[in-house]
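Geometric and topological summary
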Amino acid sequence: MKAYKKPFISLILLCALLLCACGHTAPEQPRVPRKVRETAATKPDESQPLYTFQKEDSFDNLPGSSKIYDLTAGYEDYGNQCALVYGKLRTLFGEPLYETEDNENLYAYCICAISEDGDVIYLEAYSGPTGPAIGGEQSEDALLAAEALSDYIWQSQPSDYSCTSYYADAPSIIEMGVQNGKPYYRETLDGKESWEHLYDPNS
């Protein structure tokens, strides 16, 4: 019996190793962020449709919309986020359909989102009372397109620009823009005389 003791122990150890190997599973790979357009380096989430985006010359195809997606991520460094979004929009789509001096109605674009299946969804990229946002129909398709548009915007580089607007509730003057690729946002408290012309029909 003693002659078989060592091989028997070796056999038990081998079986234990095989069982451990069979029960072992490889660690989960990190999820690759969804991209708006497929690149050589990454493959987009196949459950999400791909889109191309183009600027419209009017709001004729979007007679009415409401906010469906924020273009800022929380309030940390909020001012610079606002400045960056506008610079990135200008890179992608050029001049907005309008720009005003009213900070709660600063600018707006009408964007046509075309899915890889040929479906067309119209969106509004704008800066309103709650800051930069995307507006559109209250539907799942519009929300998916808005999320893809947000990704597309944030992946781009900002163009240099500057603009001055007025925030009546403070009241204050807001100067924001991008200079040499760096955003800036300055708010200065000011008296009513600096912005009251915005509401004067004769101005």
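These numbers were taken from a predicted model, which means no experiment stands behind them. (Residues numbered from 1 in each chain as written. Predicted model: local features only at pLDDT ≥ 70, side-chain atom pairs only at ≥ 80, totals over all residues. Heavy atoms only, no water.)

A closer look at the pairing of strand S6 (residues 131-136)
- Taken across its 6 residues, S6 has 6 buried, putting it largely inside the fold.
- In this sheet, S6 lies alongside strand S2 (residues 66-70) in antiparallel orientation, the contact comprising 4 bridges. When the sheet's bridge partners are listed, Asp 70 is paired in S6 with Ala 133.
- With 5 bridges connecting them, strand S5 (residues 120-128) and S6 associate as antiparallel partners. Paired with Tyr 126 across the bridge in S6 is Ala 133. (Buried < 20%, exposed > 50% of the residue type's maximum accessible area, 1.4 Å probe, protein only. Helix = DSSP H or I, 4+ residues; strand = E, 2+ residues; numbered from the N terminus. Pairing = 2+ DSSP bridges.)

Quick look at the confidence of the model for the protein chain
- Confidence in the prediction for the protein chain averages 80 pLDDT; 69% of positions are at 70 or higher.
- Low pLDDT (under 50) marks residues 1-9, which in the prediction has 0 contacts with non-local residues, meaning those over four places away or in another chain.
- Low pLDDT, under 50, characterises residues 11-44; the stretch is placed with 25 contacts to residues that sit more than four places away or in other chains. (pLDDT = per-residue confidence, 0-100. Contact = heavy atoms within 4.5 Å.)

Focus on helix H3 (residues 140-155)
- For H3, spanning 16 residues, the distance from its first C-alpha to its last is 23 Å, which sits close to the expected 22 Å at 1.5 Å a residue.
- Looking only at H3, the buried set comprises Ala 142, Ala 145, Ala 146, Ala 148, Leu 149, Ser 150, Tyr 152 and Ile 153.
- Contacts from the buried residues of H3 go to strand S1 (51-55), S2, helix H2 (78-93), strand S4 (107-115), S5 and S6. (Expected span 1.5 Å × (residues − 1).)

Some details on the nonpolar core
- Within the largest apolar cluster, 30 residues are counted, with the highest numbers of intra-cluster contacts made by Phe 53, Leu 89, Phe 93, Tyr 109, Leu 123, Leu 149 and Met 176.
- Where this core is concerned, the elements lending two or more residues are S1, H2, S4, S5, H3, strand S7 (161-167) and strand S8 (172-179). (Core = buried A, V, L, I, M, F, W, Y, C linked by side-chain atoms within 4.5 Å.)

A look at the side chain of Ser 172
- Within the fold, Ser 172 resides in strand S8.
- For Ser 172, a relative accessible area of 0% gives the class buried.
- Among the polar contacts made by the side chain of Ser 172, one reaches the side chain of Glu 187 at a distance of 2.7 Å.
- Every residue in contact with Ser 172, bar those within four places of it in the chain, is listed here: Ser 165, Tyr 166, Tyr 167, Glu 187, Thr 188, Leu 189 and Asp 190. (Polar contact = N/O pair within 3.5 Å; in protein donor to acceptor, adjacent residues only side chain to side chain.)

Re the environment of Phe 93
- Residue placement: Phe 93 occurs in helix H2.
- The residues touching Phe 93, leaving out its near neighbours within four places in the chain, are Phe 53, Gln 54, Lys 55, Tyr 109, Ile 111, Leu 149 and Tyr 152.

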